[in-house]
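Results of the structural survey
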Amino acid sequence: MTRVLVSNDDGVNAPGILELSKSLKDAGHETWVIAPSEERSTTGHSLNLDRPLRIHEIQENIFSCSGFPADCVLMGIGHVLRDRKPDIIISGINRGANLAQDLYYSGTMAAAREGTFHNFPSIAISLVCSFYRKEETKHYETASRAILELLKKNIQSMIPKFSMLNINVPNQPWENIKGFACTRLGFRKYSENIEHRID
């Protein structure tokens, strides 16, 4: 059994984190969720230094935190799990890919990166789906399955010290996934259009 600390940037009630935590529990892993009480996407590696953090247990082993994703991980390792450290920290499942420069903007990445700063094996996992098309089926269960397969292989023992694993899973049913591949970081060109409004 693996003790897993789960966080994200989409919020404690996001479908991705709910699917991941349920899958981990169902597989017999000791699962602790500490995630933002509200959406914190694209907040980067922000930390809350100017106001108190509020943490509430909303279900057994599931906590909402008023801070940013990195704050949530700090609350996990420094407070909630201070006497029983996690074996691995997993951030996600993010709604949308984390590629190229996304790694600097992403709160999902920040939560996992905060774990590496404290020498915990850490993974960020994202589902490559549209952020805007609400009608699109989101196969979070495929990303959960990917994590479970990696935990079976004891992935936490293979992640180098002060490193993290960033996983992007295609938005497809599991049977369409052909396998895993390691790759290198690319570059994305974002829109530079600014929409001028008066309100």
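Note: the structure precedes this text.
One structure accompanies this document, and this report is about it. Only a predicted model underlies this, so the values are computations on that prediction, with no experimental measurement involved.

Moving on, we get to the overall build of the protein. When helices and strands are tallied, the protein shows 5 helices and 7 strands. For the protein, the α and β elements follow one another from N to C terminus as β-α-β-β-β-α-β-α-α-β-α-β. Each principal axis of the C-alpha atoms in the protein carries an extent, and together these give about 50 × 45 × 30 Å. With 199 residues in all, the protein has 50% of them scored as buried. Here the protein displays about 11100 Å² of accessible surface, and carbon together with sulfur accounts for 52% of that area. Between the mean site of the 23 positive side-chain charges and the mean site of the 23 negative ones, the protein shows a separation of 4 Å.

Another point: the sheet that holds strand β2 (residues 30–36). In space, the 7 strands of this open sheet follow the order β3-β4-β2-β1-β5-β6-β7, with mixed pairing throughout. The open sheet has two edge strands with one neighbour each: β3 (55–59) and β7 (164–170). Going from strand to strand, the sheet's axes swing by 25 degrees on average, the running direction of each strand aside. With 4 bridges connecting them, β3 and strand β4 (residues 62–65) associate as antiparallel partners.

Geometry of an aromatic ring pair is reported as the spacing of the ring centres plus the angle between the planes. Taken as a whole, this structure holds 1 aromatic pair when the rule is applied. Taking the ring centre of Phe 68 as reference, the NZ or CZ of Arg 40 above it sits at 4.4 Å.

Here we come to the nonpolar core. Leu 24, Ile 90, Ile 123, Ile 125 and Ile 147 are the most contacted members of the largest nonpolar core, which has 28 residues in total. With residues up to four places along the chain from it excluded, the contact list for Ile 123 reads Ile 88, Ile 89, Ile 90, Ser 91, Ala 112, Ile 147, Ile 155, Ile 159, Leu 165 and Ile 167. Core analysis: the second largest hydrophobic core is formed by 14 residues, Trp 32, Phe 63, Cys 72 and Ile 77 among them.

This paragraph deals with helix α2 (residues 69–80). Burial analysis of α2 places 9 of its 12 residues in the buried class, the great majority of the element. Turning to α2, its buried residues are Pro 69, Ala 70, Asp 71, Cys 72, Val 73, Met 75, Gly 76, Ile 77 and Val 80.

As a further point, take the packing of α2 against helix α4 (residues 107–117). At a minimum axis separation of 7 Å, α2 and α4 run at an interaxial angle of 30 degrees. Classified by the angle their axes make, α2 and α4 are roughly parallel. α2 and α4 meet at a crossing whose hand is right-handed. Taken together, the residues of α4 that come into contact with α2 (itself represented by Pro 69, Ala 70, Val 73 and Leu 74) are Gly 107, Ala 110, Ala 111, Glu 114 and Gly 115. Its residues assigned to classes, the contact of α2 with α4 comprises 6 nonpolar, 2 polar and 1 charged.

Calculation rules
Residues numbered from 1 in each chain as written. Predicted model: local features only at pLDDT ≥ 70, side-chain atom pairs only at ≥ 80, totals over all residues. Heavy atoms only, no water. Helix = DSSP H or I, 4+ residues; strand = E, 2+ residues; numbered from the N terminus. Buried < 20%, exposed > 50% of the residue type's maximum accessible area, 1.4 Å probe, protein only. Areas by Shrake-Rupley, 256 points an atom, 1.4 Å probe, with all protein chains shown as cover. Lys, Arg positive; Asp, Glu negative; His and termini not counted. Charge placed at Lys NZ, Arg CZ, Asp CG, Glu CD. Pairing = 2+ DSSP bridges. Axes fitted to C-alpha atoms, helices over the stretch in contact; angles between N-to-C directions. Phe/Tyr/Trp six-rings, centres within 6.5 Å; stacked < 30°, edge-to-face > 60°. Lys NZ or Arg CZ within 6 Å of the ring centre and 35° of its normal. Core = buried A, V, L, I, M, F, W, Y, C linked by side-chain atoms within 4.5 Å. Contact = heavy atoms within 4.5 Å. Parallel < 35°, antiparallel > 145°, perpendicular 65-115°, else oblique. Left-handed = near helix turned anticlockwise from the far one by under 90°. Nonpolar A, V, L, I, M, F, W, Y, C, P; charged D, E, K, R; others polar.

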